[in-house]
Every structure is written in C-alpha cells, then in structure tokens.
Amino acid sequence: MADVGRMQPARSPPRRASMTKGGQIHVIKVGTSTLLTNDENGAQQANLSNIARLIEVIAALRKKGDHVILVSSGAVGMGCLKLGLKERPKNLGGKQAMAAAGQSRLMRLYEDLFRVVNLQVAQLLIVREDFSDKLRFRAVRSTIDELIRLGVVPIINENDSLAAPHLSNFGDNDTMAAMTAALVEADWLFLATDVHFLYTANPKTDPNAKPIYVVKDVASLQIGGLEASSSQWGTGGMATKLIAASIAVCAGVHCGLVNGAEPERIGQLIAGNREGGTHFEARLSPDVIGEGMHGRWILALPLAGRVSIGPAGYNSIVKGHNLLFRDVLTASGNFEPDQSVALVSDGKEVARALFRSSCASVTDALRKRADAQPGDKLGLKDFTSELRAAGVFLDAYRSWRQGSHRGAKGEMTGEKIKQLGEQQGIEENESSSSVLEVVAWASDIVLTSVGAMNEAEKVMSSTHSNKRGRSASPDALERKSSKVNTA
C-alpha cells in the first residue's frame, strides 16, 4: 500500500468543509502513456500493473479521508487496442470512432479494478465549452461536488467522440485537469508523465539536464526541448503540462509533475518529499480572492488570443484598474468579444482577462491609431451613465437596468450623478471618454504571474486593505447586487 502523508494545502475554502469533512481534494491526470504499454512483441496492451498501482494510491488517499478526481485520457488508444489497429488514426472521423469504441472499454477497466478496493466510480464526459458557459461551469461543479459528498471517485475525460475540433489539439486533458482543479478548489493537481521530474533541458537528448525540484514561478522557466509527445498513441507533452501548471497554481492549487509509471510518488509529494517529483508551488491570485468563483471561471476559460500591453497598462491592472485601449500594443489570435485572452507584458503572460472587443476590431483600431486616424473603431458599448450611477447608488443602477431609461428612482442626470459622486468621494478617473476605451474591466482581469501578484500585494499593503481598489463593471455590480439581495 502506498505511503501517503500530508502537506498543508494552500488554503481551506469554507465551502468545502461539509463536503470533504476536513479532507483534501486531489485531481490526478493520467495519459495514454500511463495506461498502455508494449508487450514482448511490440504490440500495444493495457498496462494493468500501472493502473492497479494508481488505484491503490487513490484507495490509500480515500482511506485517509481525502478525495480524488481522476482525469483520464486513453479512449482513442483503448479503441485502437479494442479494434486491433496498429497505429492511431490521423483523420478526425477515425479518432472519433476510436474514442467511441474505447471509452466503454476504458470505463469497464476502471470499474473492475476500483471494485477490488471497494470504491465506486462515475463517468463525466465533458468538453472545454462546458467551462466557457458559466451556467454549464456551475453545473459541472455541482455534479462533482455531489459525487465527492457521496464518496464516489469521478473519472473525467473529454468527450472526444463528439468534440471534433478538439481532437486535433495537443494536451487538452492536461489543460482540462487544471481547469477542473481550479473549478473544485482542489489542493493538489498531479500530472503524470514519462519522466521523474521537470528538467533544465530534455533529458533524452541532453546528458547535462538536471532535475528541477520546486518551481515558484512558471513564467520564469527557460527550458528547451519541450516538444510534444513522441508516442503514437498519445497527444501532449511537457509544454502543455507547464500551461496546465500555470493555470492551477494561480487558482491556489499545488501542482505535482510525477512519473506515471510510479504513482506512489504522488503520496511522496503530498508528504513534502521532494524526491516525489517537481512541485509547482501554489500562489493564489489576489483576483481569485477578490472575485471568488468569477475569477476561477476566468482562469478556466479556454484562451482565444494574446494582447500585449505597455508599462502603463501593466501598472493599471496591478493597481486593480480597468485596462484601456490606449495601453494596448498588439493583439493576436481570433478572439471575439467577451472571450478570454492572455495579457502579455515584456513578452510574458501577466494576467488573463475577458476582452470586450474582437481581435479584428482591436487590430484595425491599432492600425488607425498608428496612422493617426480619428474615431472609435472598437465597437464598445458605452456604459458611462450606468457605471457612474452604479458607483454612487447601486439601487438606482439596478432599477435603471430593470426599468426604463429614467429608472424607478428618477432620471440619473449628469448633475445628480455629480452631486452623489461628491457625497461619496468618487474619483474622476472613469470619465466618459475613458470608459469608452475600456477593453477589459478590472473585475474581469486575473493576475497570473508571481511578479504581478507581488506588486499587487504591495499596493494592498500600502492601502492597508485585503483588496485593491477595483474599478466597477456592470457584471461585477450585478453580482454584488445579487449577493446583497440574497443575504
């Protein structure tokens, strides 16, 4: 039986108290390379030894009162094995067929082996779009929460047989595991791979590669040779695992990179033994603390592009202010309004944000700005009056949204807003002209780099507050209003 110890979690969310009864939540992601192996003739077969040892580790964690969510790839590989294919199909239709055939075989294998250790399992087939929609995001969370309460081990896989666009992407389940860990406020995320540690270079090609035991800032890593997996049965590699780790740690989740052939290393990392694998230390973003589930949702959203910002923009988001168009330098990708983008400063991701404009509109506006052509080409809705009214009188704002433009409290004229603003001491940094240039509301931005988090904490320290002075957004105000009315 695996020797499973205990390491203190990054935090103990009150929401989980009744659900976990004091135990921790661990998300373990295993891939095809962990589940399949070659026999003496080179033919593929299920790696029953690996799978059985993994299940023993999970059983040991459950015996200690912890809960485990297993994110498992392998449906396509199992389908190939089931139908006698000698290599993974290259066309989407073939991959979908193999996933459909293999998922039932994979779950039957798990059912049989978990039954030996008296554990029940449940299957969840989801796609990344389940994280894009907030209602579906909450539904997934609610289902997993209930399974944990019942003592069942959820087994999650991407619905490859239907999610056609995603089968061609590398590392989806690595990312999905991190998104799941953020969703359920897990204590640990474990990513199984085929090496013992993350190394300073590819150990298969560089004899001077050295193991990395602890990573405090994923963005600071400079490692070469992070190519995708060379396995003919799997999809993914070390680069995708670093992306997954960066998502998890910002959500306050410790992340461990372990050798899937030795699942006992999971227990070693939990116990604080650095020989277990590479430990990515959790660093809960202050924006997740401030925005709660909304911040976790933003971290879990699939990235649709990248936006480079200048020093002034970086300072704005660190201080908790809105991001203005004037601070945008470049935009790439194919994102549409209200999709998630990575905010990049000096070539490194510093935050993730819901962006109010499309990539095409931003690119066009940047070109016109460079040519000194006037006019607002971002297509942004002007929330000036709503924001000004909401900033001084939330009830008036709610009535404005629910009734006519005059609102149940009477028309919020410029003079009235000014008077109320003087009473409440509202700053004038959100004038009409600047609101029209807001490309990302402060409440829709989540810092992801350790450097940015450190600077944000200095801002909070200087103001003697646990939160920064976040600029309001319509969605944030609606969330705040709902909490007030349901209290």
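Below is a short write-up of the structure. Owing to the predicted nature of the structure, the values given are computational and were not obtained by experimental measurement. (Residues numbered from 1 in each chain as written. Predicted model: local features only at pLDDT ≥ 70, side-chain atom pairs only at ≥ 80, totals over all residues. Heavy atoms only, no water.)

1. So, the sheet that holds strand 13 (residues 303–309)
Moving on, step 1. Within the open sheet, the five strands sit side by side as 15-13-16-17-19. Their pairing is mixed. At either margin of the open sheet sits one strand with a lone partner, and together these are strand 15 (328–333) and strand 19 (445–447). Strand-to-strand twist in this sheet, taken as the mean axis angle between neighbours without regard to direction, amounts to 25°.
Moving on, step 2. Across three bridges, strand 17 (residues 348–355) lies against strand 19 in antiparallel orientation. (Pairing = 2+ DSSP bridges. Helix = DSSP H or I, 4+ residues; strand = E, 2+ residues; numbered from the N terminus. Axes fitted to C-alpha atoms, helices over the stretch in contact; angles between N-to-C directions.)

2. Things to note about the pattern of salt bridges
Moving on, step 1. Counting across every chain of the model gives 13 salt bridges.
Moving on, step 2. When the shortest N-O distance is used, the salt bridge between Arg274 and Glu275 registers 4.0 Å.
Moving on, step 3. Linking Glu457 and Arg283 is a salt bridge whose minimum nitrogen-to-oxygen distance equals 3.1 Å. Of the two residues, Glu457 is situated in helix 19 (residues 450–462) and Arg283 in the loop between strand 12 (278–280) and helix 11 (286–291); the sequence distance between them amounts to 174 residues. (Salt bridge = Lys/Arg side-chain N within 4 Å of Asp/Glu carboxyl O.)

3. A look at helix 9 (residues 238–250)
Helical periodicity: at 3.6 residues per turn, an α-helix aligns residues three or four positions apart in one direction.
Moving on, step 1. With 13 residues, helix 9 extends 19 Å between its outermost C-alpha atoms, agreeing within 8% with the 18 Å of an ideal straight helix rising 1.5 Å per residue.
Moving on, step 2. With ten of 13 residues buried, helix 9 is to be regarded as a mostly interior element.
Moving on, step 3. Taken as a whole, helix 9 has its buried residues at Met238, Thr240, Lys241, Leu242, Ala244, Ala245, Ile247, Ala248, Val249 and Cys250.
Moving on, step 4. Gly252 occupies a position one or two residues after helix 9 and carries a positive phi of about 80°. (Expected span 1.5 Å × (residues − 1). Buried < 20%, exposed > 50% of the residue type's maximum accessible area, 1.4 Å probe, protein only.)

4. A word on the sheet that holds strand 10 (residues 214–215)
Moving on, step 1. Taken in spatial order, the eight strands line up as 5-6-4-1-7-11-12-10 in an open sheet, and their pairing is mixed. Both outer strands of the open sheet, strand 5 (121–126) and strand 10, are each paired with one neighbouring strand and no more.
Moving on, step 2. Sheet analysis places strand 1 (residues 25–30) next to strand 4 (residues 67–72), joined by six bridges and oriented parallel. Bridging across to strand 4, Lys29 finds its partner in Val71.
Moving on, step 3. Contacts from helix 9 reach strand 7 (188–193), strand 11 (254–259) and strand 12, with the element oriented near 175° to strand 7. (Contact = heavy atoms within 4.5 Å.)

5. Points about the nonpolar core
Moving on, step 1. In terms of nonpolar packing, the biggest core is built from 83 residues, with Leu189, Phe280, Leu343 and Phe355 touching the most fellow members.
Moving on, step 2. Apart from the residues lying within four places of it in its own chain, the contact partners of Leu189 are Val27, Ala177, Ala178, Ala181, Ala244, Ala248, Val253, His254, Cys255 and Gly256.
Moving on, step 3. One finds Val57, Val121, Trp188 and Val258 within the second-largest nonpolar core, a separate group that totals 30 residues. (Core = buried A, V, L, I, M, F, W, Y, C linked by side-chain atoms within 4.5 Å.)

6. Comments concerning the packing of aromatic side chains
Moving on, step 1. Enumeration over the complete set of coordinates arrives at six aromatic pairs.
Moving on, step 2. When the ring of Phe131 is compared with that of Phe137, the centres are 6.0 Å apart and the planes differ by 65°; the resulting orientation is edge-to-face. Accessibility assignment for this pair places Phe131 and Phe137 in one class, buried. (Phe/Tyr/Trp six-rings, centres within 6.5 Å; stacked < 30°, edge-to-face > 60°.)

7. A closer look at helix 3 (residues 48–63)
Moving on, step 1. For helix 3, with 16 residues, the first-to-last C-alpha span of 22 Å sits near the 22 Å given by 1.5 Å per residue.
Moving on, step 2. Restricting attention to buried positions, one finds in helix 3 the residues Asn50, Ile51, Leu54, Ile55, Val57, Ile58, Ala59, Ala60 and Leu61.
Moving on, step 3. Check the buried side of helix 3 and you find it contacts strand 1, helix 2 (32–35), strand 4, helix 5 (92–116), strand 6 (153–158) and helix 10 (265–270).
Moving on, step 4. Looking one or two residues beyond helix 3, the residue adopting positive phi is Gly65, at roughly 95°.

8. Some remarks on the pairing of strand 7
Moving on, step 1. When you tally the buried positions in strand 7, you get six out of six residues, the bulk of the element.
Moving on, step 2. Here strand 7 shows a buried face lined by Trp188, Phe190 and Ala192 and a second buried face lined by Leu189, Leu191 and Thr193.
Moving on, step 3. Direction of pairing for strand 7 relative to strand 11: parallel, over a ladder of six bridges. In the strand pairing of strand 11, Phe190 is matched with Gly256.

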